[in-house]
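This is what each chain is made of:
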Amino acid sequence: MSDPIIVIVSGPGGAGKGTIVETLVQRDSALWLSRSWTTRVQREGESDDAYVFVDKAAFQERIDSGGFLEWTEFLGNFYGSPAPSVDQGVDIVLEIELHGAQQVKERHPEAILVFVQPPSRDEQRRRLQGRGDSEEHVVQRLKKAEDEERLGAQQADVVIVNDDLERAVAEIQGIIGAARSARR
Ligand code: ADP
Ligand code: 5GP
């Protein structure tokens, strides 16, 4: 059987990455969403399985044992993707920032990097505030978005503006469908 397709979804906070990847995996049983580890505290209202929430010692232990496909520090917290052990026939979605995406691309150059952008900075702010992020988080994420979007435009295989969720999801479904056809 052939290797899984790896789709990396990246983009600034509030662009809608989490919403998009959840929708993708709900609609496609042959897609598996990697659950990251983080040392960030759980947001109010955030689902318990959004991440594996751990302390720094547990995260460091996993780094030391080589248990991450990639990991990084982002705005003062650690985030990492456990090395995947996936059933044959299932493709992989990673929702990670660009430094991690680069590490995955180095190990798997065929991975597809999709960069999701918010339609505007104002709309991004509204989405972050609407999600209940603290004002400090909102300010940090908006500030970081400028650099992320510049790098994203350089590194991504495709840039998608998430103004309309259905269209954004359909675009990524199209990309995955094309990669599956090319694999056959
Ligand atoms: P990210 O994972 O990129 O930080 P989220 O998926 O958590 O972003 O989305 C941030 C907020 O924006 C959520 O409240 C989500 O429901 C909302 N959202 C996502 N996509 C859209 C869209 N296309 N239009 C309007 N709101 C959206
Ligand atoms: P948040 O705190 O908003 O959930 O995530 C902050 C950033 O970390 C987002 O850009 C998100 O995509 C990224 N991220 C989440 N999990 C991982 C991971 O496992 N590895 C890397 N490199 N980034 C991650």
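A. A look at the site of ligand 2. Near ligand 2, the surroundings consist of 17 residues, among which Ser36, Arg40, Tyr51, Tyr79 and Glu97 are the closest. With respect to ligand 2, the side chain of Ser36 contributes an N or O atom lying 2.7 Å from an oxygen atom. Contacts to ligand 2 include Arg40, whose side-chain N or O atom sits 2.6 Å from an oxygen atom. Alone, ligand 2 offers 510 Å² of accessible surface; in the complex the protein occludes 96% of this. Looking at the shell around ligand 2, its residues break down into four nonpolar, six polar and seven charged.

B. Expanded view of the site of ligand 1. Gly14, Lys17, Gly18, Thr19 and Arg131 are the nearest of the 14 residues found near ligand 1. In this structure, an oxygen atom belonging to ligand 1 sits 2.8 Å away from a main-chain N or O atom of Gly18. Residue Thr19 places a side-chain N or O atom 2.6 Å away from an oxygen atom belonging to ligand 1. In the complex, the protein chains occlude 73% of the 570 Å² of accessible area that ligand 1 would expose alone. Of all the secondary structure elements, the ones that give two or more residues to the shell around ligand 1 are α1 (17-27) and α4 (121-131). Sort the elements by how many residues they give to the shell around ligand 1 and α1 lands first, with three residues. When grouped by side-chain class, the residues that make up the shell around ligand 1 number three nonpolar, six polar and five charged.

So, how was this worked out
Residues numbered from 1 in each chain as written. Chains lettered and ligands numbered in written order. Predicted model: local features only at pLDDT ≥ 70, side-chain atom pairs only at ≥ 80, totals over all residues. Heavy atoms only, no water. Near = heavy atom within 4 Å. Polar contact = N/O pair within 3.5 Å; in protein donor to acceptor, adjacent residues only side chain to side chain. Areas by Shrake-Rupley, 256 points an atom, 1.4 Å probe, with all protein chains shown as cover. Nonpolar A, V, L, I, M, F, W, Y, C, P; charged D, E, K, R; others polar. Helix = DSSP H or I, 4+ residues; strand = E, 2+ residues; numbered from the N terminus.

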